[in-house]
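Chain residues, written in single-letter form:
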Number of protein chains: 2
Amino acid sequence: MADVEEKRPALGFAGGTLDRMDAWRGDAAALAAAFAHPAARVLLLEGLSPVVDGDRLAIAPLLPDARVEDHGLLGVDAVGPLFVALKGQALPHGAQVAPGLWDLQKLLSPEDLAHYATAKALVDWHARHGFCAACGEHTAPVRAGWSRRCEGCNAEHFPRVDPVVIMLAEYDGKILVGRQARFAPGQYSALAGFVEPGETIEEAVARELWEEAGVRATAVRYVMSQPWPFPSSLMMACVAQVESAELTLDTTEIEAAMWVDRDGVRGALAREDGAPFLAPQPIAIAHHLLRWWVEN
Amino acid sequence: MADVEEKRPALGFAGGTLDRMDAWRGDAAALAAAFAHPAARVLLLEGLSPVVDGDRLAIAPLLPDARVEDHGLLGVDAVGPLFVALKGQALPHGAQVAPGLWDLQKLLSPEDLAHYATAKALVDWHARHGFCAACGEHTAPVRAGWSRRCEGCNAEHFPRVDPVVIMLAEYDGKILVGRQARFAPGQYSALAGFVEPGETIEEAVARELWEEAGVRATAVRYVMSQPWPFPSSLMMACVAQVESAELTLDTTEIEAAMWVDRDGVRGALAREDGAPFLAPQPIAIAHHLLRWWVEN
């Protein structure tokens with residue numbers, strides 16, 4: 001297993017390489033030209049799942065009857081413009097629906113995984129926002145799929161990105177990991193929760209640690225971030241110094257929690273026999289946050 | 001003016017001191033008890049504007065006919081539970097609508113400004129989400145005002161928090177500030193933009209700098225964050241090293257931009273005569289990001 005760890009797998013869903021071409025989104029002529037470009041392609045999804053073609057995401061030419069207003073512009077790469085069908089597209093013969101989420105990282109390149117994340121989050125948002133939250137009328141995609149406009153009140157709605165804090169409490173050379181009842185046996189991870197209106201990232205970290213574990217943060221350090229397309233979160237990983245190691249768990253959220261030292265976290269990341277817990281897979285930012293803590 | 005700067009005004013809208021009592025939100029009995037508490041109060045808004053009572057936010061007892069389902073629980077302080085009416089509440093005699101946004105920070109304590117931010121963002125979100133984006137039916141507040149449930153499809157919708165990156169590009173000891181056409185004469189600030197699905201904070205910073213100023217980021221450092229209740233953003237301030245000082249401005253976004261050294265930024269923050277630009281007010285995170293850069 002040491003070999004796997006040596007490969008330093010990338011943070012899942014980060015690392016996209018498309019130029020998103022924001023300038024085209026509001027420019028009908030530029031968008032039409034991109035859609036008509038001979039190298040314009042569409043990234044295929046099966047519902048919200050990725051479709052793979054060998055070890056790449058399946059990408060196909062635009063269908064002859066495809067309409068630009070049914071597509072979202074993901075961006076441009078060296079080949080040309082890349083779109084996604086906002087309501088899905090029939091699969092070409094031979095394309096396979098991709099395996100489960102946790103296997104995707106073994107199969108796809110980091111940039112493919114990132115491009116899937118963008119496409120999935122965008123298509124999912126459209127599927128759940130056919131109506132205007134302000135007035136209840138129908139909405140339709142505009143801006144190359146990057147917003148929807150209400151046909152009733154004309155309100156414009158933009159794709160949601162939900163900021164989430166995910167954090168390790170640190171005390172006396174150990175960090176706190178917890179597990180939810182739905183986790184695999186032995187698996188523990190960083191605690192996490194949504195940022196709410198009226199708080200900073202650092203305040204959200206402190207609130208979540210207080211609510212879920214009963215520990216008071218005295219200092220919070222941001223470490224890294226990750227897009228997480230289920231449905232569309234922005235994971236922001238932090239380490240928080242806390243006042244004491246005494247825990248009061250919110251057992252509706254956290255089934256169990258424990259303090260682990262660097263050797264224990266190192267063992268968990270390397271999946272060693274006898275490690276104190278099973279660490280999250282490298283597709284998740286919690287894996288990289290644990291690794292960062294071990295190395296810093 | 002040096003005196004004003006010496007006071008080190010707080011970051012606007014950050015620093016709330018209420019315990020949000022997440023555990024009560026889904027517990028009808030606990031919520032009813034909080035609402036019936038003799039010390040339960042309501043933070044008054046005039047529409048979406050704050051109401052001030054001397055140098056504090058106006059807070060009043062709950063009206064006798066008030067119903068818990070029409071209120072959002074902001075949290076608990078040493079006095080007792082604090083609510084906000086989700087559809088507004090008539091102003092008591094003598095209460096004054098607060099002055100403009102930019103004056104609020106001179107008038108209110110940091111925690112009052114933070115509590116206003118939470119209340120304003122929450123009430124505003126309810127006002128704009130009376131219908132289900134998924135099916136178009138009516139929604140109604142649940143969870144003590146922290147979500148809405150669809151009366152048609154039963155979907156639950158949570159308050160939006162939109163992550164925004166705001167950043168200084170740095171090159172050769174200078175940082176980049178830009179101005180939008182709507183800014184006051186001479187005012188420049190950090191560039192900014194919404195984080196999109198499928199990107200990290202750091203990637204969003206790099207994309208925005210490329211789109212708006214034509215500069216390529218090579219390293220991005222997160223500095224601090226701020227809730228911004230217009231309507232409900234999470235501002236995430238960063239400094240990005242860039243490859244060159246050569247600019248290509250997107251003039252639909254940025255009217256002008258310039259590179260400024262530490263002495264220039266120091267002068268702008270102190271509002272000195274002859275400073276190269278007018279810095280944003282301390283209520284905005286851009287002010288604190290500029291200050292952080294000068295001091296680091």
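A. Molecular detail of the overall build of chain A. For chain A, the helix and strand inventory stands at eight helices and 17 strands. With respect to the principal axes defined by its C-alpha atoms, chain A has extents near 60 × 45 × 30 Å. In chain A, which comprises 296 residues, the share counted as buried stands at 45%. Partitioning the intrachain contacts of chain A with sequence separation of at least 6 by distance along the chain shows that 64% fall at a separation of at least 24.

B. A look at the packing of helix α7 (residues 262-269) of chain B against helix α8 (residues 285-295) of chain B. Residues and elements named next belong to chain B. The N-to-C vectors of α7 and α8 enclose an angle of 140 degrees; their axes lie 10 Å apart at closest approach. As judged from the angle between their axes, α7 and α8 are oblique. Remark: the crossing between α7 and α8 carries left-handed chirality. Counted together, Arg262, Val265, Arg266 and Leu269 of α7 and Leu290, Arg291, Trp293 and Val294 of α8 form the full contact between these two elements. Class assignment of the residues belonging to the contact of α7 with α8 gives a composition of five nonpolar, no polar and three charged.

C. Fine view of the environment of histidine 115 of chain A. Residue and element names in this part refer to chain A. If you trace the backbone, histidine 115 turns up in helix α5 (residues 110-127). For the pair formed by histidine 115 and leucine 74, sequence separation is 41 residues and the distance between their alpha carbons is 7.7 Å. Leave out the neighbours within four places in its chain, and histidine 115 touches Gly16, Leu18, Leu43, Leu57 and Leu74.

D. Quick look at the interface of chain A and chain B. On the side of chain B, 43 residues touch chain A, which itself brings 43 residues to the contact. Of all the secondary-structure elements, those providing two or more residues to the side of chain A that touches chain B are α2 (22-25), α5, β12 (162-171), α6 (201-213) and β15 (217-228) of chain A. For the side of chain A that touches chain B, the residue count by class is 22 nonpolar, nine polar and twelve charged.

E. Representation of the sheet that holds strand β9 (residues 139-142) of chain B within the structure. Pairing within the open sheet is antiparallel, and its three strands lie in the order β9-β10-β11 (chain B). At either margin of the open sheet sits one strand with a lone partner, and together these are β9 and β11 (156-157) of chain B.

F. Structural detail: the domain arrangement of chain A. Residues and elements named next belong to chain A. Each domain of chain A was delimited in the assignment, giving domain 1 (7-157) and domain 2 (162-295). Between the C-alpha centres of domain 1 and domain 2 there is a distance of 31 Å. Within the residue set of the side of domain 1 that touches domain 2, elements represented by two or more residues are α4 (101-107) and α5. Element by element, the count of residues in the side of domain 1 that touches domain 2 is highest for α5, at five residues. Broken down by class, the residue content of the side of domain 1 that touches domain 2 amounts to eight nonpolar, two polar and two charged.

G. Geometry of the nonpolar core. If you look at the biggest cluster of nonpolar residues, it comprises 159 residues, and the most contacted ones within it are Ile166 and Met167 of chain A together with Ile166 and Met167 of chain B. If near-sequence neighbours (up to four positions away) are discounted, methionine 167 of chain A is found in contact with Ala190, Leu191, Val205, Glu208, Leu209, Ala237, Cys238, Val239 and Ala240 of chain A.

H. Looking closely at the relation of the copies chain A and chain B. Placing chain A over chain B gives an RMSD of 0.0 Å and needs a rotation angle of 180 degrees, together with 0.0 Å of translation along the axis. In symmetry terms, the pair is related by a two-fold rotation axis. Looking at the interface residues of chain A, 100% of them are also at the interface in chain B, so both copies use one shared face.

I. Fine view of the pairing of β15 of chain A. All names here are of chain A. Sheet topology places β15 next to strand β16 (residues 233-242); ten bridges connect them, and they run antiparallel. Looking at β16, one finds that tryptophan 228 is bridged to serine 233. Counted between consecutive antiparallel strands, the loop separating β15 from β16 contains four residues.

J. Region of the structure containing α5 of chain A. Its 18 residues give α5 of chain A an end-to-end C-alpha distance of 26 Å, which sits within 8% of 26 Å, the value for a rise of 1.5 Å per residue. Counting buried positions along α5 of chain A yields 14 of 18 residues, so the element is predominantly enclosed.

K. Layout of the environment of leucine 74 of chain B. Of note, leucine 74 of chain B is situated in strand β6 (residues 71-76). Residues leucine 74 of chain B and valine 205 of chain B lie 131 residues apart in sequence; the distance between their C-alpha atoms is 32 Å.

L. Structural view of the sheet that holds strand β5 (residues 59-61) of chain B. All names here are of chain B. Overall, mixed pairing links the four strands, which are arranged β5-β1-β7-β6 in an open sheet. Strands with a single pairing partner mark the edges of an open sheet, and in this sheet they are β5 and β6. The sheet shows a mean angle of 35 degrees between the axes of neighbouring strands, taken without regard to direction. Note: strand β1 (residues 41-43) against β5, three bridges, orientation antiparallel. Directly across from valine 42, in β5, lies its bridge partner alanine 60. Set on the sheet, helix α5 (residues 110-127) makes contact with β1, β6 and β7 (81-85); between it and β6 the angle comes to about 155 degrees.

M. Local environment of the confidence of the model for chain A. Residues and elements named next belong to chain A. Taken residue by residue, chain A gives an average pLDDT of 93. The fraction at 70 or more is 94%. Confidence over residues 1-6 falls short of pLDDT 50; this stretch has five contacts with residues more than four positions distant or in other chains. At the level of chain-chain contacts, confidence expressed as ipTM amounts to 0.94, with global pTM at 0.94.

N. Highlighting the environment of valine 52 of chain B. Residue and element names in this part refer to chain B. Secondary-structure assignment places valine 52 in strand β3 (residues 49-53). Judged by the 20 C-beta atoms lying within 10 Å of it, valine 52 falls in the buried class. Between the alpha carbons of valine 52 and methionine 236 there is a distance of 29 Å; along the sequence they are 184 residues apart.

O. Highlighting unusual backbone geometry. Backbone torsion omega between phenylalanine 230 of chain A and proline 231 of chain A reads 0 degrees, so that peptide bond is classified as cis. Inspection of the secondary structure puts proline 231 of chain A in the loop between β15 and β16. The phi dihedral of methionine 21 of chain B falls on the positive side, at around 50 degrees, and the residue is not glycine. Among the structural elements, methionine 21 of chain B can be located in the loop between α1 (2-6) and α2 (22-25). Look at methionine 21 of chain B and you get partly exposed, because 19 C-beta atoms sit within 10 Å.

Analysis parameters
- Residues numbered from 1 in each chain as written.
- Chains lettered and ligands numbered in written order.
- Predicted model: local features only at pLDDT ≥ 70, side-chain atom pairs only at ≥ 80, totals over all residues.
- Helix = DSSP H or I, 4+ residues; strand = E, 2+ residues; numbered from the N terminus.
- Buried ≥ 20, exposed ≤ 12 C-beta atoms within 10 Å, placed from the backbone.
- Contact = placed C-beta atoms within 7 Å.
- Axes fitted to C-alpha atoms, helices over the stretch in contact; angles between N-to-C directions.
- Parallel < 35°, antiparallel > 145°, perpendicular 65-115°, else oblique.
- Left-handed = near helix turned anticlockwise from the far one by under 90°.
- Nonpolar A, V, L, I, M, F, W, Y, C, P; charged D, E, K, R; others polar.
- Pairing = 2+ DSSP bridges.
- Domains from an automatic or database assignment.
- Core = buried A, V, L, I, M, F, W, Y, C linked by C-beta atoms within 7 Å.
- Least-squares fit on C-alpha atoms with pLDDT ≥ 70 in both.
- Expected span 1.5 Å × (residues − 1).
- pLDDT = per-residue confidence, 0-100.

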